[in-house]
Amino acid sequence: MRKFLVVLDDTRECLNAMRYAAMRAAHTGGGVIILSVIPPEEYQHWIGVAEIMRDEARERIEAHFEVFAKWMRAKQGVNPELVIREGEPAIEILDVIRQDPEIGVLVLGAGTDKSGPGPLVTQLSRSSGSLPCPLTVVPGDMSKERLEEIT
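Okay, so let's go over this structure. Residue positions are given per chain, counted from 1 along the sequence in the order it is written. Totals for whole chains, interfaces and linings use every residue, but because this is a predicted model, local features are given only for residues with pLDDT of at least 70 and side-chain atom pairs only at 80 or more, for both listing and counting. By convention in this description, side-chain values take in all heavy atoms of the structure and omit both hydrogens and water.

Some details on the overall build of the protein
The cut-off we apply is this: A run of H or I in DSSP becomes a helix once it reaches four residues, and a run of E becomes a strand once it reaches two; helices and strands are each numbered from the N terminus. The size measure is the radius of gyration over C-alpha atoms, and the globule rule it meets is 2.2 Å times the number of residues to the 0.38 power. In this scheme, a residue with accessible area under 20% of its type's maximum is buried, one over 50% is exposed, and one in between is partly exposed, where area comes from a 1.4 Å probe on protein chains only. The protein chains shown are the only cover counted for residues, whose accessible areas, like all others here, come from Shrake-Rupley with a 1.4 Å probe. Only four residue types enter the charge count, namely Lys and Arg as positive and Asp and Glu as negative; His and the chain termini do not. Charge placement uses NZ in Lys and CZ in Arg. For Asp and Glu, CG and CD serve respectively.
A tally of helices and strands in the protein yields 5 helices and 5 strands. Rg of the C-alpha trace for the protein: 15 Å, near the compact-globule value of 15 Å for 151 residues, within the 12% margin. Taken along its principal axes, the extent of the C-alpha atoms in the protein is 50 × 35 × 35 Å. The proportion of buried residues among the 151 residues of the protein is 45%. Within the structure as shown, the protein displays about 8500 Å² of accessible surface, and the carbon and sulfur contribution to it stands at 51%. Each charge class in the protein can be summarised by its mean position, and for the 17 positive and 23 negative side chains these summaries are 7 Å apart.

Next up, the structure:
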């Protein structure tokens with residue numbers, strides 16, 4: 001089964017990437033892996049605080065995942081899988097892709113503000129010629145209706 005890997009983060013454009021991945025998976029008989037990356041802690045010498053922050057981040061991620069997963073199951077008939085990693089987002093994305101040969105497409109949402117599409121889209125599109133799978137960039141301001149048309 002071909003899987004779509006989509007990144008769950010705190011950006012607005014994440015929503016369109018989730019929608020796109022779920023709709024494409026539903027139309028093609030594929031699956032969805034939702035990846036969330038907890039950035040490395042800056043204050044490693046505060047081990048107790050870092051552990052609490054990490055636990056809180058995991059709880060927040062799992063809560064957000066459940067919202068998306070419920071929608072994917074109910075509206076698209078897709079049961080997504082959650083993967084939580086710690087580290088630098090681009091490195092962790094590539095590692096997940098390399099570890100799962102069923103991942104066929106990486107889906108990212110592009111930001112719409114003046115600062116550009118976002119750091120992940122910028123970083124991964126620069127190396128798109130050597131990525132282990134195709135990269136789909138979904139415009140952050142694309143309407144739900146247009147997403148439905150193209151998927």
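Describing the pattern of salt bridges
Counted only if it meets this: The term salt bridge refers to a pairing of a side-chain nitrogen on Lys or Arg with a carboxyl oxygen on Asp or Glu at a separation within 4 Å.
Scanning the model with the defined rule gives 9 salt bridges in all. Where Lys-3 meets Glu-102, a salt bridge forms, and the shortest distance between an N and an O atom there is 3.3 Å. Linking Lys-3 in strand 1 (residues 3-7) with Glu-102 in the loop between helix 3 (89-99) and strand 4 (103-110), this pair joins segments that are 99 residues apart in sequence. Notably, a salt bridge pairs Glu-149 with Arg-146, separated by 3.1 Å at the nearest N-O pair. Here Glu-149 pairs with Arg-146, and both are found in helix 5 (residues 144-150), just 3 residues apart, close to one helical turn. For Arg-146, a relative accessible area of 40% gives the class partly exposed. Each of Lys-3, Glu-81, Asp-100 and Glu-102 takes part in one network of salt bridges that share partners.

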